[in-house]
Amino acid sequence: MVAKTIPVDPFDLVIIGGTGDLARRKILPGLFRRMCAGQMPDEARVIGASRSDLDADGFRDFVREALEEFAGETQCGDGAVDQFLAKLDYVSLDVFGDKGWKELKASLRPDVIRAVYFSVGPSLFGEIARKLSGHGITDEHSRIVVEKPFGHDLDSAKVLNAELRACFDEHQIYRIDHYLGKETVQNLMAVRFGNALFEPLWNAQHVDHVQITVAETVSVAGRGGYYDKSGAMRDMVQNHLMQLLCLSAMEPPAKYGADAVRDEKLKVIRALEPVSPAEVVRGQYNAGGDVDSYVAHSEDPNSKTESFIALKVKVANWRWASTPFYLRTGKRLRGRMSEIAIVFKDPPHSIFEGEFKRKGNVLVIRLQPDEGITLRVTIKEPGPGGMRLTEVPLDMSFAEALGDQVSFMPDAYERLIMDVIRGDQTLFMRGDEVEAAWAWVDPIIQAWQDAGDTPVAYDPGGAGPDDSLMLLHKDGRRWREIKP
Ligand code: BG6
């Protein structure tokens with residue numbers, strides 16, 4: 001059964017870029033699933049807007065196909081698709097011209113929540129913001145949603161922030177990082193701050209190091225143009241891994257609320273030490289199996305863009321001084337695995353003799369696949385023969401523990417869109433947070449560009465370049481295995 005939820009208030013959601021890939025794959029199927037879950041009120045409406053010369057029926061045909069392909073199992077019942085399509089409208093719009101803006105304004109209702117999703121590239125954000133406010137389509141009660149990438153570096157992020165803030169107040173701007181909408185990412189806060197057990201140990205005194213891995217099996221095929229200007233550092237570290245780092249490292253906020261949480265995350269970003277080139281490993285995948293090499297997917301045959309990156313990061317504050325955070329992410333690796341591993345220190349003294357090698361406790365927060373939490377503990381090996389020790393996982397798979405509630409869990413986009421309608425910014429990035437993240441990332445990129453650095457090649461289907469293993473080996477540590 002789909003978990004039923006309380007409906008949000010009536011809304012008009014405009015999706016600019018309504019016929020684009022994100023709308024087709026994520027936003028529209030996500031809204032459909034929320035309707036099926038009973039979260040969308042009868043009065044909700046979704047207005048697609050894009051350059052395409054469609055009418056409302058043409059848009060409905062487009063959405064019907066998108067739902068067939070991407071809505072997945074929803075247990076929605078007969079007639080649900082038609083019920084959803086009846087909520088749709090469409091306006092053909094020219095972002096840089098006049099076409100469509102008056103029609104868009106006329107199609108919206110005055111007395112419901114109004115949100116506009118900019119499902120387009122950041123180069124259009126400023127113009128769309130100006131058109132929306134210039135035509136009186138939005139006012140101080142409206143909300144706007146913008147996608148990543150939020151800029152390319154600190155300067156471009158500042159320009160984007162200034163363009164949006166010229167038309168909207170910060171409390172109206174919802175910057176998406178879909179990792180924040182993932183169930184386990186929020187669970188990290190629940191585990192840390194909802195239990196008395198972990199927090200006293202969550203510091204440099206007890207934690208040896210933290211590993212954050214986002215491994216993917218996909219290549220960049222079909223996205224070479226975008227990816228080549230971005231690379232793993234901008235595409236993944238500046239946003240997704242940074243958010244995981246912040247939530248792992250931050251101090252307890254005074255309450256679970258948008259600014260309280262974001263203030264604490266910002267303090268972590270500002271406490272990050274500069275990273276020296278010796279603590280960064282960049283890689284680029286070779287050809288292998290039936291998949292081409294990175295450069296074959298790129299538009300530049302000499303591309304020096306990294307499809308893999310590993311870094312040793314230090315958080316220079318009282319809690320974390322001397323506990324490194326190792327971050328790694330890459331495409332075409334052995335498995336799709338995202339996790340945060342908190343590796344605790346060994347017991348200070350072993351009372352046991354013999355061969356047993358102490359490995360310390362590890363708390364693993366798994367984002368994907370198979371969301372859950374595992375704590376590795378040492379126990380006595382069963383049976384006679386003296387005191388022999390072994391390690392076992394205390395494993396909590398959310399799917400096993402929570403059953404159907406997990407199977408029909410909203411995906412990140414569904415959750416985040418509903419948060420926009422509810423007016424909850426906790427899981428969205430604030431402007432100063434994004435700028436602080438770029439301010440940390442820019443010099444790292446600049447250093448390898450100045451050095452003319454070339455990424456090391458790695459074979460697909462593995463754990464990335466050997467140099468990445470060395471990054472930990474030289475500290476007497478090792479990465480956790482990336483499982484297929
Ligand atoms: C996107 C990146 O933001 O996140 C992609 O642009 C990446 O390169 C994707 O593949 C990963 O998201 P997820 O939810 O599949 O882990």
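No experiment lies behind these values; they were computed from the predicted model shown.

## Notes on the overall build of the chain
Okay, step 1: Helix and strand content of the chain: 15 helices and 15 strands.
Okay, step 2: Over its C-alpha atoms the chain spans a radius of gyration of 24 Å, differing by no more than 12% from the 23 Å that the globule rule assigns to 484 residues.
Okay, step 3: Viewed in the frame of its principal axes, the chain has a C-alpha envelope of about 80 × 55 × 50 Å.
Okay, step 4: With 484 residues in all, the chain has 55% of them scored as buried.
Okay, step 5: In the chain, of all internal contacts separated by at least 6 residues, the share reaching a separation of at least 24 is 77%.

## What to know about the packing of aromatic side chains
Each aromatic ring pair is summarised here by two numbers: the centre-to-centre distance and the angle between the ring planes.
Okay, step 1: Applying the stated criterion across every chain, the model contains 13 aromatic pairs.
Okay, step 2: A ring pair is formed by tyrosine 285 and tyrosine 458, whose centres lie 6.4 Å apart and whose planes are at 75°; its orientation type is edge-to-face. Residue tyrosine 285 is located in strand 8 (residues 280–285), and its partner tyrosine 458 is located in strand 15 (residues 456–458); the two are separated by 173 residues in the primary sequence. Assigned by exposure class, tyrosine 285 and tyrosine 458 land together as buried.

## Observations concerning the sheet that holds strand 15
Okay, step 1: Read across the open sheet, the nine strands follow the order 14-13-12-11-7-10-9-8-15; overall the sheet is mixed. Each edge of the open sheet carries a strand with a single partner, namely strand 14 (389–397) and strand 15. When strand polarity is set aside, the average angle formed by the axes of neighbouring strands in this sheet is 20°.
Okay, step 2: Where strand 12 (residues 362–368) meets strand 13 (residues 372–380), five bridges bridge the pair, whose relative direction is antiparallel. Of the residues in strand 13, the one forming a bridge with leucine 363 is leucine 375.
Okay, step 3: Against the sheet, helix 8 (residues 224–249) makes contact with strand 7 (207–215), strand 9 (308–313), strand 10 (325–330), strand 11 (337–344) and strand 12, and its axis sits at roughly 145° relative to strand 10, the strand it touches most.

## A closer look at a nonpolar patch on the surface
Okay, step 1: Taken together, the side chains of Ile351, Phe352 and Met387 define a hydrophobic patch exposed on the protein surface, amounting to about 330 Å² of accessible area.
Okay, step 2: Inspection of the secondary structure puts methionine 387 in the loop between strand 13 and strand 14.

## Comments concerning the site of the ligand
Okay, step 1: For the ligand, the full set of nearby residues is Lys148, His178, Tyr179, Lys182, Glu216, Arg223, Asp235, Met236, His240, Lys331, Arg336 and Gln368.
Okay, step 2: Interatomic distance of 2.7 Å between a side-chain N/O atom of histidine 240 and an oxygen atom of the ligand.
Okay, step 3: For the ligand, an oxygen atom lies 2.7 Å from a polar atom in the side chain of lysine 331.
Okay, step 4: Contact with the protein chains covers 81% of the free accessible surface of the ligand, which is 400 Å².
Okay, step 5: The biggest single contributor to the shell around the ligand is helix 8, with three residues.
Okay, step 6: Along the lines of polarity and charge, the residues of the shell around the ligand split into two nonpolar, three polar and seven charged.

## Brief notes about the packing of helix 1 (residues 21–36) against helix 13 (residues 412–422)
Okay, step 1: Where helix 1 meets helix 13, the axes come as close as 8 Å, and the angle between the chain directions of the two elements is 70°. In terms of orientation, helix 1 lies roughly perpendicular with respect to helix 13. Between helix 1 and helix 13 lies a crossing of right-handed hand. Contacts from Leu22, Lys26, Ile27, Gly30, Leu31, Arg33 and Arg34 of helix 1 reach helix 13 at Tyr413, Glu414, Ile417 and Met418.
Okay, step 2: In terms of residue class, the contact of helix 1 with helix 13 is made up of six nonpolar, one polar and four charged.

Cut-offs applied
Residues numbered from 1 in each chain as written. Predicted model: local features only at pLDDT ≥ 70, side-chain atom pairs only at ≥ 80, totals over all residues. Heavy atoms only, no water. Helix = DSSP H or I, 4+ residues; strand = E, 2+ residues; numbered from the N terminus. Rg over C-alpha atoms; globule rule 2.2 N^0.38 Å. Buried < 20%, exposed > 50% of the residue type's maximum accessible area, 1.4 Å probe, protein only. Contact = heavy atoms within 4.5 Å. Phe/Tyr/Trp six-rings, centres within 6.5 Å; stacked < 30°, edge-to-face > 60°. Pairing = 2+ DSSP bridges. Axes fitted to C-alpha atoms, helices over the stretch in contact; angles between N-to-C directions. Patch = residues over 30% accessible without salt bridge, like charges linked within 9 Å, V, L, I, M, F, W, Y side chains within 5 Å. Areas by Shrake-Rupley, 256 points an atom, 1.4 Å probe, with all protein chains shown as cover. Salt bridge = Lys/Arg side-chain N within 4 Å of Asp/Glu carboxyl O. Near = heavy atom within 4 Å. Polar contact = N/O pair within 3.5 Å; in protein donor to acceptor, adjacent residues only side chain to side chain. Nonpolar A, V, L, I, M, F, W, Y, C, P; charged D, E, K, R; others polar. Parallel < 35°, antiparallel > 145°, perpendicular 65-115°, else oblique. Left-handed = near helix turned anticlockwise from the far one by under 90°.

Purely geometric stuff here, so don't read any function into it on its own.
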